Amino acid sequence: MKKWGNPARNLKHSATQRFSSQSFEAVGTVIESADPSFEPGQIVIAHGMGLGVDRDGGLACFVRADASWLVPLPSGLSPLEAATIGVAGFSAALAVDRLESMGVEPGFGPIAVTGATGGVGCQAVGMLARLGYEVVAVTSKPDSRGFFKTLGASEVIAPPGPSDRMLDKGMWAGAVDTVGSDVLAWLLRSARPEAIIASIGNAGGNRLPTSVIPFILRGITLTGINGNSPPTLRRRIWERLGTDLKMRRIASLARVIEPDEIDDVMVQMVAGRTQGRAVVAFCGA
Ligand SMILES: NC(=O)c1ccc[n+]([C@@H]2O[C@H](COP(=O)([O-])OP(=O)(O)OC[C@H]3O[C@@H](n4cnc5c(N)ncnc54)[C@H](OP(=O)(O)O)[C@@H]3O)[C@@H](O)[C@H]2O)c1
């Protein structure tokens, strides 16, 4: 594996704990550490800071990682559960945590989650439902109702097409948007007064064809979620992922595959034929 700047760790994916997810984050066992806060044998999660994006990622038996990218595996999670959650679930949890910190509470009204069959969306649905929120899953896949029922969504709807309207009937007390573009514009114009909308993804595009009207007439807040969080926040969010945000049967969201299946699964993903998460088991795990 290629090496890059300021390496402080060597992780080896051990015989029973070799998992890496679709964003190329990794869960594995430390085999060597130059930093005293991590020790050989410890199981850690590595994600963000360009891992798998502008640096080689977790699709390998060995990963060399900087200490600041690592989080110890929380006691409430198995390595497979953590790999299933991955950066998608971590980011979904950040969005849920943000909604809470901005005052959104269960009972305030429906929370919409868009791109709901995706890795971020389905986990946001499951976490919000677990916390007692009324969750509306917004998906372009109408045959996924059964999937969302098991996650606890109260309703499953399709996203509407583009519109020039500046306001629609106010429905959402909050939202987690993974799609962007026309879908985010629709969430903004159909949110209730004082709603909080968390923008986390751009699966449908980077544009935001909206107006200032939802902000100045309904007091809507649009808040951005960036998963490259500082270490203290990462640890707090991962602790929550192993406790109050832990979804029931989280590992069942993952399809565990072998490295030689990666290309095939990627093609299906790009074609929109996958749901949930793909976890790659390395080196004979
Ligand atoms: N801000 C951050 O830190 C952060 C962290 C992780 C991911 N992200 C971003 O969040 C977004 C979702 O990530 P993910 O891991 O959930 O991705 P994913 O598993 O590929 O899911 C994306 C989902 O978006 C929906 N979608 C709607 N329009 C789409 C289009 N034109 N093309 C493809 N998908 C479309 C689909 O859901 P339905 O069919 O159910 O509508 C799809 O399942 C991505 O843009 C990703 O880059 C951001």
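Residues numbered from 1 in each chain as written. Predicted model: local features only at pLDDT ≥ 70, side-chain atom pairs only at ≥ 80, totals over all residues. Heavy atoms only, no water.

1. What to know about the domain arrangement of the protein
Okay, step 1: According to the domain assignment, the protein consists of domain 1 (9–84 + 229–281) and domain 2 (88–224).
Okay, step 2: With 23 residues of domain 1 at the interface, the matching set in domain 2 holds 20 residues.
Okay, step 3: Between domain 1 and domain 2, a total of about 1,800 Å² is buried, with carbon and sulfur atoms accounting for 62% of that surface.
Okay, step 4: The three residues of domain 1 that bury the most area against domain 2 are L245, M247 and Q275, which together make up 29% of that side's buried surface.
Okay, step 5: Where domain 1 packs against domain 2, one counts three salt bridges.
Okay, step 6: One salt bridge in this structure joins R236 and D97, with 2.8 Å as the shortest N-O distance.
Okay, step 7: Between domain 1 and domain 2 we count six residue pairs in polar contact (both at pLDDT 80 or more) in total.
Okay, step 8: For the side of domain 1 that touches domain 2, the element with the most residues is helix α6 (residues 231–241), which contributes seven residues. (Domains from an automatic or database assignment. Contact = heavy atoms within 4.5 Å. Buried area = accessible area lost by both parts, 1.4 Å probe. Salt bridge = Lys/Arg side-chain N within 4 Å of Asp/Glu carboxyl O. Polar contact = N/O pair within 3.5 Å; in protein donor to acceptor, adjacent residues only side chain to side chain. Helix = DSSP H or I, 4+ residues; strand = E, 2+ residues; numbered from the N terminus.)

2. Brief notes about the packing of helix α1 (residues 79–101) against helix α2 (residues 119–130)
Okay, step 1: Two elements in contact, α1 and α2, have axes separated by 8 Å at closest approach and are oriented at 55°. In terms of their interaxial angle, α1 and α2 are classed as oblique. Pair α1 / α2 crosses with right-handed handedness. Across the interface between the two elements, T84, I85, A88, G89, A92, A93 and V96 from α1 touch G119, V120, Q123, A124, M127 and L128 from α2.
Okay, step 2: Here the residues of the contact of α1 with α2 are counted per class, giving nine nonpolar, four polar and no charged. (Axes fitted to C-alpha atoms, helices over the stretch in contact; angles between N-to-C directions. Parallel < 35°, antiparallel > 145°, perpendicular 65-115°, else oblique. Left-handed = near helix turned anticlockwise from the far one by under 90°. Nonpolar A, V, L, I, M, F, W, Y, C, P; charged D, E, K, R; others polar.)

3. Brief notes about helix α7 (residues 262–270)
Okay, step 1: Those residues of α7 not exposed but buried are I262, V265 and Q268. For α7, the arc enclosing every buried residue in end-on projection is 125°, short of the 170-degree limit, so these residues lie on one face. Facing away from the buried side of α7 by more than 90 degrees, the exposed set consists of D263, V267 and V270.
Okay, step 2: Positive phi shows up at G272, right after α7, with a value of about 75°. (Buried < 20%, exposed > 50% of the residue type's maximum accessible area, 1.4 Å probe, protein only. Arc of directions from axis to C-beta.)

4. Some details on the site of the ligand
Okay, step 1: If you check the shell around the ligand, you find 21 residues, and the closest are T117, T139, S140, I225 and G227.
Okay, step 2: In the model, an oxygen atom of the ligand is placed 3.4 Å from a nitrogen or oxygen of the G118 main chain.
Okay, step 3: With the chains in place, 68% of the 910 Å² that the ligand exposes on its own is no longer accessible.
Okay, step 4: Grouping the constituent residues of the shell around the ligand by class yields six nonpolar, 14 polar and one charged. (Near = heavy atom within 4 Å. Areas by Shrake-Rupley, 256 points an atom, 1.4 Å probe, with all protein chains shown as cover.)

5. Remarks on the pairing of strand β8 (residues 135–138)
Okay, step 1: Along β8, one buried face is formed by V135 and A137 and the opposite face, lined by V136 and V138, is buried too.
Okay, step 2: What joins strand β7 (residues 111–114) to β8 is α2, and the crossover it makes is right-handed.
Okay, step 3: Both β8 and strand β9 (residues 155–157) contribute to a ladder of three bridges, which runs parallel. Each residue of the ladder has a partner; that of V138, found in β9, is I157. (Right-handed = clockwise from strand over helix to strand, strands pointing away. Pairing = 2+ DSSP bridges.)

6. Observations regarding the sheet that holds strand β12 (residues 221–224)
Okay, step 1: Taken in spatial order, the six strands make up an open sheet running β9-β8-β7-β10-β11-β12, and their pairing is parallel. Edge strands, defined here as strands with exactly one partner in the open sheet, are β9 and β12. In this sheet, adjacent strand axes meet at a mean angle of 20° when their direction is disregarded.
Okay, step 2: Helix-sheet contacts for helix α4 (residues 181–189) involve β7, β8, β9, β10 (172–177), β11 (191–199) and β12, and the interaxial angle to β11 is about 150°.

7. Topic: α4
One full turn of an α-helix is made of 3.6 residues, so residues set three or four places apart face in the same direction.
Okay, step 1: Burial within α4 is extensive, with eight of its nine residues counted as buried.
Okay, step 2: Buried residues of α4: S181, V183, L184, A185, W186, L187, L188 and R189, and no others.

8. Side note on a nonpolar patch on the surface
Okay, step 1: Taken together, V212, I216 and L217 make up a surface patch of nonpolar side chains, about 330 Å² in accessible area.
Okay, step 2: Judged by relative accessible area, which is 59%, I216 ranks as exposed. (Patch = residues over 30% accessible without salt bridge, like charges linked within 9 Å, V, L, I, M, F, W, Y side chains within 5 Å.)

9. Section: the pattern of salt bridges
Okay, step 1: Summed over the entire model, instances satisfying the criterion amount to ten salt bridges.
Okay, step 2: Salt-bridge contacts for D97 lead to R240; the nearest nitrogen and oxygen are separated by 2.7 Å. With D97 in helix α1 and R240 in helix α6, this pair connects stretches of sequence that are 143 residues apart.
Okay, step 3: Judged by relative accessible area, which is 11%, D97 ranks as buried.
Okay, step 4: Here R255 makes a salt bridge to E261, at a shortest N to O gap of 3.8 Å.
Okay, step 5: The exposure class assigned to E261 is partly exposed, which follows from its relative accessible area of 27%.
Okay, step 6: Three or more residues joined by partner-sharing salt bridges are found here, namely D97, E100, R236, R240 and D244.

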